[in-house]
Amino acid sequence: MTGRLIAVVGPSGAGKDTLMEAAREELRGDPAFVFLRRVITRPAGAGGEDHMAVTEEGFAAMRDAGGLALWWQAHGLLYGLPRAPLEAPLAAGQVVVANLSRQALSEAALRYPLRVLEITAPLELRAARLAARGRETVEDVMRRLGRQAPLPPGLDVRQVTNDASLPEGVAQVLAGLRAG
C-alpha cells in the first residue's frame, strides 16, 4: 500500500467531529484525501458524526464476512471501518482519514501505514461541550471525562489542541493531515 491511514483520536468533548467536518469541507475536491464513514451500531438520526448505521446483527454479519478492516466496542456501541472503502484508496496512494479508538491503533499500525492525529482540549472545555450536547446524563458525562487510555508507544503522532477558534483548530488539523 502506498497511501496512509490517518487515525483521528481524542477524548470525548475535544471537538473531533466539528474539526473533522470543517477539514472535510476544506479538502472537498482534493483527490489526495478520503474521509471514511464508520459503521456504528447507533441510529442514523442520533446526532454526532455521519456514519453508516447498522444493527448489532448487521455489524456481526459485516465483520464475519470480512467487510470490516478494524472494529472495536466503546460506550456500549460497536464501531468499525469498512474494508473496501479503506483499502482501495490506500492502494491508490491516497490519504484515508478515519475516526478511530485508541484501542484499535496497535492493530491499525500493524496493518496499514499509520499516522495518529490526536485532538485534545482542556478538561473544563470538554465538560462544557459534553453537557451542551444534552445526549447524556451528568453521570455519563463524568464517566466519559474520566476515560482516556494512553496512546500505544512508537506511533507517529501529531497533536491538535482544540481550545481556540474553529479556524485555528481547522488550520492545525489541516497541517497534521498534510504533513509528509
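Above this text sits the structure in question.
Residues numbered from 1 in each chain as written. Predicted model: local features only at pLDDT ≥ 70, side-chain atom pairs only at ≥ 80, totals over all residues. Heavy atoms only, no water.

J.: How do you make sense of the nonpolar core when you look at a structure like this?
T.: Generally speaking, nonpolar side chains in soluble globular proteins are found buried as a group. Core analysis: the largest hydrophobic core is formed by 24 residues, its most contacted members being Leu5, Trp72, Leu81, Leu86 and Leu100. Elements represented by at least two residues in this core include exactly β1 (4-9), β5 (68-74), β6 (77-82), α3 (83-91), β7 (95-99), α4 (105-111) and β8 (114-120). With 4 residues, the top contributor of residues to this core is β5. Counting residues in hydrophobic clusters, the runner-up holds 19 residues, among them Ile6, Val8, Val95 and Val173. (Core = buried A, V, L, I, M, F, W, Y, C linked by side-chain atoms within 4.5 Å. Buried < 20%, exposed > 50% of the residue type's maximum accessible area, 1.4 Å probe, protein only. Helix = DSSP H or I, 4+ residues; strand = E, 2+ residues; numbered from the N terminus.)

J.: What exactly am I supposed to notice about the pattern of salt bridges here?
T.: For side chains bearing opposite charge, pairing can occur when the charged atoms are close. This model, assessed by the stated rule, comprises 9 salt bridges. Its salt-bridge partner being Asp64, residue Arg63 comes within 3.3 Å of it at the nearest N-O pair. Look at Arg63 and you get partly exposed, because its relative accessible area is 27%. Here Asp64 falls in the exposed class, since its relative accessible area comes to 61%. Between Arg111 and Glu107 there is a salt bridge whose closest N-O contact spans 2.6 Å. (Salt bridge = Lys/Arg side-chain N within 4 Å of Asp/Glu carboxyl O.)

J.: Please explain the packing of aromatic side chains as it appears in this structure.
T.: This structure, assessed with the given rule, holds 1 aromatic pair. With 5.9 Å between their ring centres and 0° between their planes, Trp72 and Tyr79 make a pair best called stacked. By the burial criterion, Trp72 is buried, and Tyr79 matches it. (Phe/Tyr/Trp six-rings, centres within 6.5 Å; stacked < 30°, edge-to-face > 60°.)

J.: How do you make sense of the pairing of β8 when you look at a structure like this?
T.: Consecutive side chains of a regular strand alternate in pointing toward one face of the sheet and then the other. The buried fraction of β8 amounts to 7 of the 7 residues, a majority that puts the element mostly inside the structure. Neither face of β8 is exposed, since Leu114, Val116, Glu118 and Thr120 on one face and Arg115, Leu117 and Ile119 on the opposite face are all buried. Sheet topology places β1 next to β8; 5 bridges connect them, and they run parallel. Counted as the bridge partner of Ala7 is Val116 from β8. Here β8 runs beside strand β9 (residues 157-161); their pairing, made up of 5 bridges, is parallel. Within β9, the residue paired with Thr120 across the bridge is Thr161. (Pairing = 2+ DSSP bridges.)

J.: Which parts of the structure should I look at to understand the sheet that holds β9?
T.: Within a beta sheet, neighbouring strands are joined by backbone hydrogen bonds and run either parallel or antiparallel to one another. The strand order across the open sheet formed by 5 strands is β2-β7-β1-β8-β9, and the pairing between neighbours is parallel. Each of the sheet's edge strands pairs with one partner strand only, and the pair in question is β2 (33-35) and β9. The mean inter-strand angle of the sheet, taken between neighbouring strand axes irrespective of direction, is 20°. Where β2 meets β7, 3 bridges bridge the pair, whose relative direction is parallel. Across the sheet, residue Val34 finds its bridge partner in β7, namely Val96. Those strands touched by helix α7 (residues 166-178) are β1, β2, β7, β8 and β9, and its axis lies near 170° from that of β8. (Axes fitted to C-alpha atoms, helices over the stretch in contact; angles between N-to-C directions. Contact = heavy atoms within 4.5 Å.)

J.: Explanation requested: the sheet that holds strand β4 (residues 52-53) in the structure shown.
T.: The 4 strands lie next to each other as β4-β3-β6-β5, forming an open sheet whose pairing is mixed. Both outer strands of the open sheet, β4 and β5, are each paired with one neighbouring strand and no more. Where strand β3 (residues 39-40) lies against β4, 2 bridges are found, and the strand directions are parallel. Paired with Val39 across the two strands is Met52, which belongs to β4. Packing of helix α2 (residues 56-64) onto the sheet brings it into contact with β3, β4, β5 and β6, and relative to β5 it is tilted by some 145°. Contacts between α3 and the sheet are confined to β5 and β6, with β6 contributing the most and set at about 35° to the helix.

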